[in-house]
Structure formats: structure tokens, C-alpha cells
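# Fold and geometry: a report
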Amino acid sequence: MAIILAAAGVAAAPTDAASATEANPPREMRLMTYNVHHCAGADKRIDIPRVAEVIKREHPDFVGLNEIDRCARRSHKVDQPEELGRLTGLHATFAQAIPLQGGGYGNVVLSREKPLSVLRVPLPGREPRVLLLCEFADCWFGTSHFSLQETNRLQTVEIIRGVVSEKAEAKPVFVTGDWNCRPDSAPIAALRGYMAILSDEKCRTFHGFKEHAPGSECCIDYIAVDRGASARVKVKETHVISDTLTSDHNPVVVTLELGKEAKR
């Protein structure tokens, strides 16, 4: 499935807060971010079913995928977003960052719900990047793959700030992805000004197909929510899946409860 572009004997009356909680119970959500390296593993095989199995085992509601090919020659002209959607049983929304070998290359959002609307925002870089943001009933969910150049990453953070600030007025905004930044970097410091990172920043998310490569013990993949909604988010569990075969990045998963605003 692809989408392109008490008195005794008297019952106590519930408090307003209790009534609001009962009327608006929190929603449990499972989010994932995964740079899939155009589904090419350490064995050089392009194996879409293998990637799909990694995703399916986690039973996510929303997935942000980076480095996806769509009908490019290097990946045998297969529509990877459509195939991943079919294999996982999720809706697949693709946003092209660049044309590639007769097809395209970019980001994908997989979701249990069909998006209500889709936003594609071009981002700077020697290799242009893109923010893909999808609207759903309870939230916005998106993904982006940041540039390798720090100047471009800082520009990207400011562009995303504008988008998030606008969309967060109506619904929580979750942004995920391979941001090519360590937790102590300047772009992440700037991003913390308007987003709260929910995923574990101490775990290695990039390994480069090496078990213990010097310099590879780093976190560069994240799941975050706009700061305005962070008080409504309770992280129940977060983990990074150690997998040096399927992609050069490890998948990152966050399970959370999103509390709804009380009706006025």
C-alpha cells in the first residue's frame, strides 16, 4: 500500500481531571526510525523482505525510513516503498530527495493509518535532503536524513523549527531520522530548543557493518517530539536493535503513551 508524494452510601462525583482522563484515555504508540541503506546488507544483497521482517517484529504504529530507493537501477528498479508497505501491511508514503538512476531516492513513512495530509520540505546539502511529514488523527509524524555538512545541518534544524512550530499548534509533532549528529553536537543542541528527544542517546545506532569499529560507537539516529507536547508524552520503553547484517544502522524503537488534551 503506497501513497506517493463520599458520604457513606453516596457515590463520589468524579473530579474534572478524572473525567477528562476517562473521556480522553492516553494512546499507546510505538515509533521506529531506521536508515535501511536502500535495503542493502553487509552481504551486499538487496533484501527487502529481510528489512520488512525487522520492522514487523517490532509491531510499530509509525516508522521513519531513510535511504530508500524507488525504481532505481542499483536496486533492480524495484519500488522499495511500495514493496515494504506490502510486506509489512502498512501504508507507505515516499518523499524523493534526489533523482537516482532512472528513479528516486529519499525517505519513507510507514503507518497503520492512512495519512490525512503529506508535507514535503526540501532541505539543504551538497546532496539535497528532505523532511517528510505526515498528518494523522492524533499527531504529525515525520522523518528526515540530515546532510553530512554541519553548516547544512544547522540550517536544517532551523527549517524544521519553523515547520514544527506551525504544525504543533494543532497536534503533537514527532520527527525521527538519521540526523548525522552526535548528542553533544551543535545541531542537536539547537534542536533541543524546540524538541525533546525520546530515544536512548547512549546506544550505538550506526555501526557501518562493523562490530567494534573505532569511532562507530555513536548515536546519530533519533526520535523526538515538539516541546509543547512533551508533557503529554510518557516514554514506557526505548531500545536499539543490534543488527550488523540488515543495514549499516540499527533500528531505534520508542514505546510511549500520548495523553490527550482535556476537552474544554
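This text goes with the structure placed above it.
Attention here is on the structure that accompanies the text. All of these numbers come straight from a predicted model, not from anything done at the bench.

## Focus: the overall build of the protein
Helix and strand counts for the protein stand at five helices and 13 strands. The buried share of the protein, taken over its 264 residues, is 53%.

## Notes on helix α3 (residues 80-88)
Every buried residue of α3 is accounted for by Q80, P81, L84, G85 and T88. The buried residues of α3 occupy an angular sector of 135 degrees when projected down its axis, which confines them to one face. For α3, the secondary structure elements touched by its buried residues are α2 (48-58), β3 (62-70), β4 (91-100) and β5 (103-111). N-capping of α3 is provided by D79, with a side-chain oxygen placed 3.1 Å from the backbone N of E82. Of the residues one or two after α3, G89 is the one with positive phi, at around 75 degrees.

## Looking at the packing of α2 against α3
Packed helix pairs are characterised by how far apart their axes lie and by the angle those axes make with each other. At a closest axis distance of 9 Å, the pairing of α2 and α3 adopts a crossing angle of 50 degrees. Looking at the two axes, α2 sits oblique to α3. Between α2 and α3 the crossing geometry is right-handed. Where α2 abuts α3, its residues I48, P49, V51, A52, I55 and K56 lie against Q80, E83, L84, L87 and T88. Broken down by class, the residue content of the contact of α2 with α3 amounts to seven nonpolar, two polar and two charged.

## Here's the deal with the packing of aromatic side chains
Tallied over the full model, the rule gives four aromatic pairs. Measuring from centroid to centroid gives 4.8 Å for F62 and F136, while their planes differ by 55 degrees, and the two rings are tilted. Residue F62 is found in strand β3, and its partner F136 is found in the loop between β7 (129-135) and β8 (140-144); the two are separated by 74 residues along the sequence. Judged by relative accessible area, which is 0%, F62 ranks as buried. With a centroid separation of 5.1 Å and an interplanar angle of 20 degrees, the aromatic rings of W179 and Y222 are classed as stacked. Residue W179 is located in the loop between β9 (173-178) and α5 (186-191), and its partner Y222 is located in strand β11 (residues 221-226); the two are separated by 43 residues in the primary sequence. Accessibility assignment for this pair places W179 and Y222 in one class, buried.

## Description of the nonpolar core
By size, the foremost hydrophobic cluster in this structure holds 24 residues, and its most contacted members are M29, L31, F174 and L256. Those elements giving two or more residues to this core turn out to be β2 (27-35), β4, β7, β11, β12 (233-240) and β13 (252-258). Here this core gets four residues from one element, more than from any other, and that element is β13. Ignoring anything within four residues of it in the chain, the contact list for M29 reads D61, F62, C139, F174, V254, T255, L256 and L258. Grouped together as the second largest cluster of nonpolar side chains are 22 residues, V121, F146, V175 and L191 included.

## Here we look at the pairing of β9
Every other side chain in a regular strand lies on the same face of the sheet, so the side chains alternate between the two faces. With six of six residues buried, β9 lies mostly within the body of the structure. Taking every second residue as pointing to the same face, both faces of β9 are buried, with V173, V175 and G177 on one and F174, T176 and D178 on the other. In this sheet, β9 lies alongside β8 in parallel orientation, the contact comprising four bridges. Bridge pairing in β9 links T143 to T176. Running through helix α4 (residues 150-167), the crossover from β8 to the neighbouring parallel element β9 is right-handed.

## What about α2?
Among the residues of α2, I48, R50, V51, A52, V54, I55 and E58 are the ones counted as buried. Where α2 begins, the side chain of D47 points an oxygen toward the backbone nitrogen of R50, at a separation of 3.0 Å. Once α2 ends, the next one or two residues include H59, with phi positive near 50 degrees.

## Some details on the side chain of E58
With respect to the helices, strands and loops of the structure, E58 is situated in helix α2. Excluding residues that lie within four positions of it along the chain, E58 makes contacts with R30, M32, H239, I241 and V253.

## Digging into the sheet that holds β11
Pairing is mixed in the open sheet, where six strands are placed in the order β6-β7-β8-β9-β11-β10. For this open sheet the edge positions go to β6 (117-123) and β10 (195-197), each flanked by a neighbour on one side alone. Pairs of neighbouring strands in the sheet enclose a mean axial angle of 20 degrees, with direction left out of account. In this structure, β6 lies alongside β7, joined through seven bridges in antiparallel fashion. For V121, the partnering residue across the bridge sits in β7 and is L131. Its contacts with the sheet put α4 on β6, β7, β8, β9, β10 and β11, and the angle it makes with β6 is roughly 160 degrees.

Conventions used here
- Residue indices begin from 1 for each chain and proceed along its sequence in written order.
- The predicted nature of this model means local features are confined to residues of pLDDT at least 70 and side-chain atom pairs, given and counted, to a pLDDT of 80 or more, with totals for whole chains, interfaces and linings taken over all residues.
- Side-chain metrics in this entry use all non-hydrogen atoms of the structure; hydrogen atoms and water are not considered.
- Working definition: helices are DSSP H or I runs of at least four residues, strands are E runs of at least two. Numbering for both runs from the N terminus.
- A simple rule labels every residue: compare its accessible area, found with a 1.4 Å probe on the protein chains alone, to the largest value its type can have, and call it buried under 20%, exposed over 50%, or partly exposed in between.
- The arc under discussion is defined with respect to the helix axis, by the directions toward the C-beta atoms.
- The contact criterion used throughout is that any non-hydrogen atoms of two residues lie within 4.5 Å.
- Throughout this description, a polar contact denotes any pair of N or O atoms lying within 3.5 Å of each other; where both atoms belong to protein, one of them has to be capable of donating a hydrogen while the other can accept it, and for residues adjacent in sequence the pair is counted only when both atoms sit in side chains.
- Geometry is summarised by axes, namely lines fitted to C-alpha atoms with helices restricted to the contacting stretch, and by angles between N-to-C directions that run from 0 to 180 degrees.
- Oblique is the label for any angle not under 35 degrees, not over 145, and not in the 65 to 115 range, which are roughly parallel, roughly antiparallel and roughly perpendicular in turn.
- Take the far helix as the reference: if the near one is turned anticlockwise from it by less than a right angle, the crossing is left-handed, and if turned clockwise, right-handed.
- When residues are sorted by character, Ala, Val, Leu, Ile, Met, Phe, Trp, Tyr, Cys and Pro go into the nonpolar class, Asp, Glu, Lys and Arg into the charged class, and all the rest, Gly among them, into the polar class.
- Within 6.5 Å between ring centres, the rings of Phe, Tyr and Trp (the latter by its six-membered ring) count as paired, and their orientation is classed by plane angle as stacked under 30 degrees, edge-to-face over 60, tilted in between.
- Side-chain atoms within 4.5 Å link the members of a nonpolar core, which is a set of buried Ala, Val, Leu, Ile, Met, Phe, Trp, Tyr and Cys residues.
- Here the rule is simple: two strands pair whenever DSSP picks up at least two bridges between them.
- Look down the strands so they point away from you; if the path from the first strand over the helix to the second goes clockwise, the crossover is right-handed.

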